[in-house]
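Topology and contacts: notes
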Amino acid sequence: MAATRPPETATVAELHGAIQTAFGWKDAHLYAVAGHDRAGKKRIIMGVDDGDGPAGTELAADVRLTELFDPHSPGLSDLEYDYDFGDNWTHKIEVVGPAVLHENTITCLDGAMRGPIEDSGGVGGYANVVAVVSNPKHPEHREAVEWLEFVTQESVSKFDPAAFDLEAINGQLRSLAQRFWPREVTTADQRAVLGPILWFLNEARSDGLPLTSAGYLKPAFVKRAMTELGWDDEWISAGRVEVSTPPIRNLREHLQEWKLLRKLKDKLLLTPKGRKLVGDPTALWDFLADQLANPDTDAEKIATPLLVHWELTGDEPPYGLRDQVLQAALHQAGLRTRSGHGEIPLSWATDLYYDVNRSLHRLELWEGISWGRSDQKLSDAGVKFLLDVQSRWDGRNV
């Protein structure tokens, strides 16, 4: 059960998003909400493009929740939410009254059991799946296990139908609420996201950064950078030469790609743009968000929105499918090898994923440092930054 304190603009589509998140579903099917509004009029609302639904239905994104119920009059305007018209996951939504919550939040108060697996055949079908995978002697056990592992991309040994993680669900709902109703970017947000970049630019601000004869940052600087940026415990290296310290090398390379630093003889110096932005975190935030929103290559223009979406929603495909999804997106966009005939190799999609991912990791978007981990959680400031990047694609075909 989800309790909300939404703004006056909260819509049925946003309620649908909260239910999907709480149940762990992927919004892969049609849905409808039926009920009576505060004036007693019957309303049928669907999450389809305007004009595509049956006659008399309304578009979910256009209907505010406050049209359908009054939180101070519980029990008068219950709603029915139906998801996936094949499996028919039907929910009764009962308005029980107002709750005291922080503004613009969505909170799960309690629950039991994990959300059913999508496409499992509805209530009866899912119950059958649970029974079959729990019984190794069942004649359909192997087939059911293979299906479950394919759909969830997890080992059946990790599947627990009774599992319910209230803290994890509320973390996901909190992130969803941030995406629905983003708050203003603060100076603290800017400092959090831009920390390593601002530190590096400030170090080069006065007289530049000396380089070795081979063109690398000097070991003493690399060692100090790792310590002052708090990365020592997260990246174990035998030495502190730049070539074997990817966090520093990648940061320096990106600052040069973004034309904030330039190499002149035996030093790295601030460019005119870098000198202008180092003392203005607001302008630097805007500049870097625009850089990510407008990558140089066609392939990056396909991959970057995908990776940003995956980070914001937590819906990145499993490792075994991720690169295939990216490869398919490149192919669907019409990208081919330079000969114009061959499809983009999977290895190219893999390299592209890591290139874009490295660009994101030059910013402090996550809670704490966790190089190479797949369970990173976006910070509030990181969500704001990626939403800013995403907003710059609005109205464009990407």
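Summarised in this report is the structure supplied together with it. (Residues numbered from 1 in each chain as written. Predicted model: local features only at pLDDT ≥ 70, side-chain atom pairs only at ≥ 80, totals over all residues. Heavy atoms only, no water.)

**Overview of the overall build of the protein chain**
Under the convention used in this document: Here a strand is any run of E in DSSP of at least two residues, a helix any run of H or I of at least four, and the numbering for each starts at the N terminus. Accessibility here uses a 1.4 Å probe with only protein chains present; expressed as a share of the type maximum, an area under 20% marks a residue as buried, one over 50% as exposed, and anything in between as partly exposed. Contacts between residues were defined by any pair of non-hydrogen atoms, one from each residue, lying within 4.5 Å. For this count, His and the chain ends are skipped, Lys and Arg are scored as positive, and Asp and Glu as negative. Each charge is placed at NZ for Lys, CZ for Arg, CG for Asp and CD for Glu.
On a plain count of helices and strands, the protein chain comes out with 13 helices and 10 strands. Each principal axis of the C-alpha atoms in the protein chain carries an extent, and together these give about 75 × 55 × 45 Å. Here the protein chain holds 398 residues, and the buried ones make up 41% of them. Residue pairs at least 24 apart in sequence account for 63% of intrachain contacts in the protein chain once pairs closer than 6 positions are excluded. The distance from the centre of the 42 positive side-chain charges to the centre of the 60 negative ones in the protein chain is 10 Å.

**Observations concerning the sheet that holds strand β4 (residues 58-59)**
Where we set the bar: Should DSSP find at least two bridges between two strands, the strands are taken to pair. Axes, fitted as lines to C-alpha atoms, cover a helix only where it is in contact. Angles between the N-to-C directions of the axes lie from 0 to 180 degrees.
An order of β4-β3-β2-β5-β6 is seen for the 5 strands of this open sheet, with the pairing classed as mixed. Because the sheet does not close on itself, it has two edges, and the strands there are β4 and β6 (89-93). Relative to β4, strand β3 (residues 42-46) runs parallel, the two sharing 2 bridges. Among the inter-strand pairings, I45 is bridged to a residue of β4, identified as E58. Along the sheet, helix α1 (residues 12-23) makes contact with β2 (31-36), β3, β5 (79-83) and β6, crossing β5 at roughly 60 degrees.

**As for the packing of helix α5 (residues 187-203) against helix α7 (residues 246-257)**
As a reminder, the rule being used: When describing relative orientation, an angle under 35 degrees is termed roughly parallel and one over 145 degrees roughly antiparallel, while 65 to 115 degrees is termed roughly perpendicular and anything else oblique. The nonpolar class holds Ala, Val, Leu, Ile, Met, Phe, Trp, Tyr, Cys and Pro. Asp, Glu, Lys and Arg form the charged class, and all remaining residues, Gly among them, are polar.
One can describe the packing of α5 onto α7 by two numbers: an axis separation of 11 Å at closest approach and a directional angle of 75 degrees. With respect to each other, α5 and α7 are oriented roughly perpendicular. Contacts between α5 and α7 involve P196, I197, F200 and L201 from the first element and I248, L251, R252 and L255 from the second. Looking at the contact of α5 with α7, its residues break down into 7 nonpolar, no polar and 1 charged.

**Comments concerning the sheet that holds strand β9 (residues 261-264)**
Backbone hydrogen bonds are what pair the strands of a sheet, in a parallel or an antiparallel way. In space, the 3 strands of this open sheet follow the order β8-β10-β9, with antiparallel pairing throughout. The open sheet has two edge strands, β8 (209-210) and β9, and neither has a second partner.

**Let's talk about the pattern of salt bridges**
Applicable threshold: Whenever a carboxyl oxygen of Asp or Glu lies within 4 Å of a side-chain nitrogen of Lys or Arg, that contact is scored as a salt bridge.
One pass over the structure, following the stated rule, counts 20 salt bridges. The salt bridge involving R43 is made with D37; its shortest N-O contact spans 2.8 Å. Take R43: its relative accessible area is 8%, and that puts it in the buried class. Looking at D37, the relative accessible area reads 9%, which means it is buried. Note that R43 and E58 form a salt bridge whose closest N and O atoms lie 2.5 Å from each other. Placement of the pair is R43 in strand β3 and E58 in strand β4, with a sequence separation of 15 residues. Looking at E58, the relative accessible area reads 27%, which means it is partly exposed. One salt-bridge network, in which partners are shared between bridges, spans D37, R43, E58 and E67.

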